[in-house]
Amino acid sequence: MTTTSAAGKVALVTNVTKYAGSPAAAALAADGWQVLAHDASFTDKAARDGWMADNAGMTALEAQAPDAVIAEAVERGGRIDGIVSNDAYPAVRRRIEETETDAFREMMEALAIYPFALASAAAARMKPQGSGSMVFVTSASPRRPYPGFAMYATARSASTGLAKALANELAPHGIRVNAVAPNFLYSETYYPRAKWIDDPAGAAKVREMVPIGRLGQPEEIGALIAFLLSDKAGFVVGETVGFTGGWP
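Since the model is a prediction, treat every value here as computed from it, not as a measurement. (Residues numbered from 1 in each chain as written. Predicted model: local features only at pLDDT ≥ 70, side-chain atom pairs only at ≥ 80, totals over all residues. Heavy atoms only, no water.)

### Observations regarding the overall build of the chain
(1) Moving on: A count of helical and extended segments in the chain gives eight helices and seven strands.
(2) Moving on: A compact globule built from 248 residues should have a C-alpha radius of gyration of about 18 Å, and the chain, at 18 Å, falls within 12% of that.
(3) Moving on: Projecting the C-alpha coordinates of the chain onto the three principal axes gives extents of approximately 50 × 40 × 35 Å.
(4) Moving on: In the chain, which comprises 248 residues, the proportion classed as buried is 49%.
(5) Moving on: Nonlocal contacts in the chain, meaning residues at least 24 apart in sequence, comprise 72% of its contacts between residues at least 6 apart.
(6) Moving on: When the accessible area of the chain is evaluated, it comes to approximately 11,400 Å², of which 56% is carbon and sulfur surface. (Helix = DSSP H or I, 4+ residues; strand = E, 2+ residues; numbered from the N terminus. Rg over C-alpha atoms; globule rule 2.2 N^0.38 Å. Buried < 20%, exposed > 50% of the residue type's maximum accessible area, 1.4 Å probe, protein only. Contact = heavy atoms within 4.5 Å. Areas by Shrake-Rupley, 256 points an atom, 1.4 Å probe, with all protein chains shown as cover.)

### Examining the layout of surface pockets
(1) Moving on: Considering only enclosed or pocket space, the largest pocket measures out at about 660 Å³ in volume.
(2) Moving on: Around the largest pocket sit 25 residues that line it, and Ala91, Tyr146, Phe149, Asn183 and Tyr191 are the ones nearest its centre.
(3) Moving on: Contributions of two or more residues to the lining of the largest pocket are made by α6 (193-196) and α7 (200-209).
(4) Moving on: Looking at the lining of the largest pocket residue by residue, the classes come out as 17 nonpolar, four polar and four charged. (1 Å grid on protein atoms, 1.4 Å probe; cavity = no way out; pocket = protein on both sides within 12 Å on 5 of 7 lines; lining within 4 Å. Points joined across faces, edges and corners; volume = space filled by probe spheres on them. Nonpolar A, V, L, I, M, F, W, Y, C, P; charged D, E, K, R; others polar.)

### Structural notes on the packing of helix α1 (residues 21-30) against helix α8 (residues 218-229)
(1) Moving on: Packing of α1 against α8 brings their axes to within 7 Å, and their N-to-C directions diverge by 55 degrees. Accordingly, the angle class assigned to the pair α1 and α8 is oblique. The handedness of the crossing between α1 and α8 is right-handed. Across the interface between the two elements, Pro23, Ala24, Ala27 and Leu28 from α1 touch Pro218, Glu219, Ile221, Gly222, Ala223, Ile225, Ala226 and Leu229 from α8. (Axes fitted to C-alpha atoms, helices over the stretch in contact; angles between N-to-C directions. Parallel < 35°, antiparallel > 145°, perpendicular 65-115°, else oblique. Left-handed = near helix turned anticlockwise from the far one by under 90°.)

### Some words on unusual backbone geometry
(1) Moving on: Phi is positive for Tyr19, which is not a glycine, with a value near 50 degrees.
(2) Moving on: Within the element layout of this structure, Tyr19 appears in the loop between β1 (10-13) and α1.
(3) Moving on: Under the relative-accessibility criterion, Tyr19 is labelled buried at 8%.

### Observations concerning α1
(1) Moving on: Within α1 the residues assigned to the buried category are Gly21, Pro23, Ala24, Ala25, Ala27 and Leu28.
(2) Moving on: Check the buried side of α1 and you find it contacts β1, β2 (34-37), β4 (82-86) and α8.
(3) Moving on: Of the residues trailing α1, Gly32 is marked for its positive phi of about 100 degrees.

### With respect to the pattern of salt bridges
(1) Moving on: The full count for this structure, using the stated rule, is 11 salt bridges.
(2) Moving on: As a salt-bridge pair, Asp39 and Lys18 come within 3.9 Å of each other at their nearest N and O atoms. Pair noted here: Asp39 is in the loop between β2 and α2 (45-54) and Lys18 is in the loop between β1 and α1, with a separation of 21 residues, a long-range link.
(3) Moving on: For Asp39, a relative accessible area of 1% puts it in the buried group.
(4) Moving on: Of the charged contacts, one joins Arg95 and Glu98 as a salt bridge, the two residues approaching to 2.4 Å between their closest N and O atoms. (Salt bridge = Lys/Arg side-chain N within 4 Å of Asp/Glu carboxyl O.)

### A look at the pairing of β4
(1) Moving on: Here β4 lies mainly inside the structure; five of its five residues are buried.
(2) Moving on: Two elements, β1 and β4, share three bridges in a ladder whose sense is parallel. Within β4, the position partnered with Ala11 by the bridge is Gly82.
(3) Moving on: Taking the sense of rotation as the criterion, the β-α-β connection linking β4, helix α4 (residues 101-129) and strand β5 (residues 132-137) turns out right-handed. (Pairing = 2+ DSSP bridges. Right-handed = clockwise from strand over helix to strand, strands pointing away.)

### What about α4?
(1) Moving on: Relative to the 42 Å expected for 29 residues at 1.5 Å per residue, α4 spans 41 Å between its end C-alpha atoms, a close match to the ideal helical length.
(2) Moving on: Count one or two residues on from α4 and you reach Gly130, which has phi positive near 75 degrees. (Expected span 1.5 Å × (residues − 1).)

### Some words on the nonpolar core
(1) Moving on: The biggest cluster of nonpolar side chains holds 51 residues, and the ones touching the most others in it are Leu28, Val84, Val180 and Ile225.
(2) Moving on: Going through the elements one at a time, β1, α1, β2, α4, β5, α5 (150-170), β6 (175-182) and α8 are the ones with two or more residues in this core.
(3) Moving on: The element best represented in this core is α8, accounting for six residues.
(4) Moving on: Leaving out residues up to four positions away in the same chain, Ile225 has contacts with Ala20, Ala24, Val84, Val135, Val137 and Val180. (Core = buried A, V, L, I, M, F, W, Y, C linked by side-chain atoms within 4.5 Å.)

### Quick notes on the side chain of Ser85
(1) Moving on: Tracing the sequence through the fold places Ser85 in strand β4.
(2) Moving on: Residue class for Ser85 comes out buried when judged on its relative accessible area of 2%.
(3) Moving on: Not counting chain neighbours up to four residues away, the residues in contact with Ser85 comprise Thr14, Pro115, Leu118, Val135, Phe136 and Val137.

Function-wise, these values are silent; they only describe arrangement.
Structural data, given as structure tokens:
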């Protein structure tokens, strides 16, 4: 049911075709937000038009650099009230002695530096309003990093730390910042259907590893993100909410 609290509010979702992007956008739209979306594919007009045709009422942005994305969002929406920094990058598994520093820098750029720059540009717009909310979609992998995932776990730790630091800095300005840390979320980005749902061996492994016995569903994480961005979570600040089905 559409709520009245989000009426007239504008939200930006980054990397909308990956990870938790599509369910976050859908949940926000259902709650009455005006949804603007960024994606690397949106430099192509046909891709933007096709996505908007499939997502009526939402707007695809052409800009890619963080400051340009925020500027275009404000130009299209008139303001910016919510940010979903939905950052995705392949979870490369590589032993530390085989890892090139440049590969680590590239991952940090995608998972920590880009969201840092996006938040910086967004905060400059939100502070004069005296309000706003941000949700960083990170990962629960740093809780118990598997061997070979040092790059990924470190980059995700950085973005989770960023959310906590920004929460403390921006809360006095009326801007709330939180993080969602998924693992075992069904998405074609990390846990694709062919391997983890349709394949009996993959499905059995999920039942073994995840206490609830299944992958998290897109609509479930979408609802969580929409809640954290909403006024209903007005006293929730600086939290990292696990979305793991009980995985420790």
